[in-house]
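So you can see what is in the structure, the chains are spelled out below.
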Amino acid sequence: VKRNGNEPEFLQAVGEVLMSLEPVVEKDPSYETNGVIDRIVEPERMIQFRVSWVDDNGKVQVNRGFRCQFNSAIGPYKGGLRLHPSVCASVIKFLGFEQTFKNSLTTLPMGGGKGGSDFDPKGKSDNEIMRFCQSFMTELSKHIGADTDVPAGDIGTGAREIGYMFGQYKRLRNEFTGVLTGKGLSYGGSLARTEATGYGLLYFTEEMMSCMKNDSVKGKTVVVSGSGNVAIYATEKAQALGAKVVALSDSNGYIYDPNGIKLDVVKQIKEVERGRIKEYVNRVEGATYTEGCKGIWTIKCDIALPCATQNEIDGESAEILLKNGVQVVAEGANMPSTPEAIDKFLAAGILFGPAKAANAGGVATSGLEMSQNSERLSWTFEEVDAKLKQIMINIFHNAYDRSKEYDVEGNLVVGANIAGFLKVADAMKWQGVAY
Ligand code: NDP
């Protein structure tokens, strides 16, 4: 706390994990005595840099770029790049820390990292986005590489931004390698990467419901927050599994469609026109729009899938969800529930899928993209999707089995933290204390 006092998001993430690890350290105190616990909460490297670029009016703009190389015990650093005005050292460190455990859970050889910038892509022209991405990569390229650190997309960084960054990296280094994931299909991207986090969230949710409650997503009413990459493909798979998704949001407000969201309309607005979600009500009869994104949690549902951003469900929203009879909460976004909200969900005994397990499908498929790049082969959509599904099922069982082993059956927060920790911690032990 002394060292990171001004980093609330980071402290929140570390606090949750350390609490879960208490029984592990009790069982094997060597994790404490050999300093694994002290080392695992300190990033290996934190890079901060200036990103200057010229806007369409010829004015120089300055942003701050970050890359946090958190842990490389089990593989090259891996994690997304977030472009959003709220990006700061604390946010990037919390995401890098969480990523370390998430990547471990996927069983693929990937360390943890995260990066980004306080650049706001909203309202910027295509050329401005390109100039920003090129400037950002000019510095970032000094620190990454296909065997060192492989960034990917995140909030504000989609296929367009990854394309500009990849082009700039290749130009600077004169090499065509899998240095980024989430690439376009014509230059090394993987089929199913776009869908992966949302689809993976539903594969996880389905397995959790089937195994812990002998139930399924079919026929359930679902609320999904956000309307970006994760939210759209979570909606698509939920609908494919027979659920009715009735709401989506963005940072301004939420839409409610009692007849079930028409996803083709959402995709047109968000993916093609890059517009706002409120536009939906102009195109679909019977749908309503309400200002303010928090109100989405007052809608009655069986399953809540927060897919927007951190701390979007607080204690108050959790209480309303529970009062309205929610049975399942699974996190598509990173750390979307506050600690207070998580406590309420767990105390109520509903099924709760924590982010680092439930949304690991994106990075898992990025890992599969890395494998395809190394092989210089492309797998079919069905091949990648089948692997993704199996990985999500395995992640659920890994977290669930650990929860049983440590006498907190069904507490997947603790189960996932322990499962993710043990692999990284053992690798750190074997690599010596100077690592
Ligand atoms: P996108 O940029 O595609 O979409 C983000 C969505 O969340 C938008 O609808 C955005 O609305 C909304 N949002 C962002 N910030 C806020 C805020 N402060 N308050 C309310 N709404 C907000 O990002 P992704 O869908 O890729 O990411 C969503 C979450 O999922 C993030 O937490 C990300 O870290 C996590 N994640 C993403 C993965 C991926 O593969 N993409 C993998 C694993 C996790 P607006 O347009 O108004 O900003």
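This is a predicted model, so every value here is computed, not measured.

(A) Quick look at the site of the ligand. Near the ligand, the surroundings consist of 23 residues, among which Gly228, Asp250, Ser251, Ala333 and Gly362 are the closest. By residue number, the principal contributor to the shell around the ligand is helix 8 (residues 229–240), which donates three residues. Across the shell around the ligand, the residue classes break down as seven nonpolar, 14 polar and two charged. Composition of the shell around the ligand by domain shows at least three residues from each of domain 1 (8–175) and domain 2 (198–358).

(B) Local environment of the domain arrangement of the protein. Segmenting the protein into domains produces domain 1 (8–175) and domain 2 (198–358). Here domain 1 and domain 2 have C-alpha centroids that lie 26 Å from each other. Tallying the contact residues gives 12 residues for domain 1 and nine residues for domain 2. Elements supplying a minimum of two residues to the side of domain 1 that touches domain 2: helix 1 (8–27) and helix 4 (89–105). Among the elements that take part in the side of domain 1 that touches domain 2, helix 4 stands out by supplying six residues, more than any other. Taken together, the residues of the side of domain 1 that touches domain 2 break down into six nonpolar, two polar and four charged.

(C) How the structure looks around the sheet that holds strand 12 (residues 351–353). Read from one edge to the other, the open sheet built from seven strands follows the order 9-8-7-6-10-11-12, with strand pairing classed as mixed. If you trace the sheet from one side to the other, it starts and ends with strand 9 (288–291) and strand 12, each paired once. Pairwise comparison of adjacent strand axes, ignoring direction, gives a mean angle of 15° for this sheet. Of the strand pairs in this sheet, strand 11 (residues 328–330) and strand 12 are connected by three bridges, and their pairing is parallel. Bridge pairing in strand 12 places Ala330 opposite Gly353.

(D) Seen up close, the sheet that holds strand 3 (residues 77–83). Spatial strand order, 1-2-4-3-5: five strands in an open sheet with mixed pairing. Edge strands, defined here as strands with exactly one partner in the open sheet, are strand 1 (45–54) and strand 5 (149–152). Looking at each pair of strands side by side, their axes are set apart by 20° on average, direction ignored. Pairing of strand 3 with strand 5 involves four bridges; the strand directions are parallel. Note on strand 5: the bridge partner recorded for Gly79 is Pro151. Lying over the sheet, helix 5 (residues 126–140) contacts strand 1, strand 2 (60–71) and strand 4 (112–117), oriented at roughly 145° with respect to strand 1.

(E) Quick look at the packing of helix 14 (residues 361–375) against helix 15 (residues 381–405). With their axes 10 Å apart at the nearest point, helix 14 and helix 15 run at an angle of 130° to one another. Taken together, the axes of helix 14 and helix 15 lie oblique to each other. Judged by the twist between their axes, the crossing of helix 14 over helix 15 is right-handed. Residue-level contacts link Gly361, Ala364, Thr365 and Leu368 of helix 14 to Val384, Lys387, Leu388, Ile391 and Met392 of helix 15. Grouping the amino acids of the contact of helix 14 with helix 15 by side-chain chemistry returns six nonpolar, two polar and one charged.

(F) Focus on the pairing of strand 8 (residues 253–256). Across three bridges, the pairing between strand 7 (residues 244–249) and strand 8 is antiparallel. Bridge pairing links Leu248 to Ile255 in strand 8. Following strand 7, the chain reverses through three residues before pairing antiparallel with strand 8. Note that strand 8 and strand 9 share four bridges and pair antiparallel. Within strand 9, the residue paired with Ile255 across the bridge is Tyr289.

(G) Highlighting the UniProt feature "active site" (unreviewed entry) in the protein. UniProt records the feature "active site" (unreviewed entry) for Lys114 in the present numbering. Mapped onto the elements of the fold, Lys114 is located in strand 4. Accessibility expressed as a C-beta count within 10 Å gives 31 for Lys114, which makes it buried. Lys114 has contacts with Cys68, Gly79, Gly80, Ile92, Leu95, Gly96 and Gln99, leaving out every residue within four places of it along the chain.

Rules behind the numbers
- Residues numbered from 1 in each chain as written.
- Predicted model: local features only at pLDDT ≥ 70, side-chain atom pairs only at ≥ 80, totals over all residues.
- Near = placed C-beta within 6 Å.
- Helix = DSSP H or I, 4+ residues; strand = E, 2+ residues; numbered from the N terminus.
- Nonpolar A, V, L, I, M, F, W, Y, C, P; charged D, E, K, R; others polar.
- Domains from an automatic or database assignment.
- Contact = placed C-beta atoms within 7 Å.
- Pairing = 2+ DSSP bridges.
- Axes fitted to C-alpha atoms, helices over the stretch in contact; angles between N-to-C directions.
- Parallel < 35°, antiparallel > 145°, perpendicular 65-115°, else oblique.
- Left-handed = near helix turned anticlockwise from the far one by under 90°.
- UniProt positions renumbered as here; feature names shortened; annotations may be inferred.
- Buried ≥ 20, exposed ≤ 12 C-beta atoms within 10 Å, placed from the backbone.

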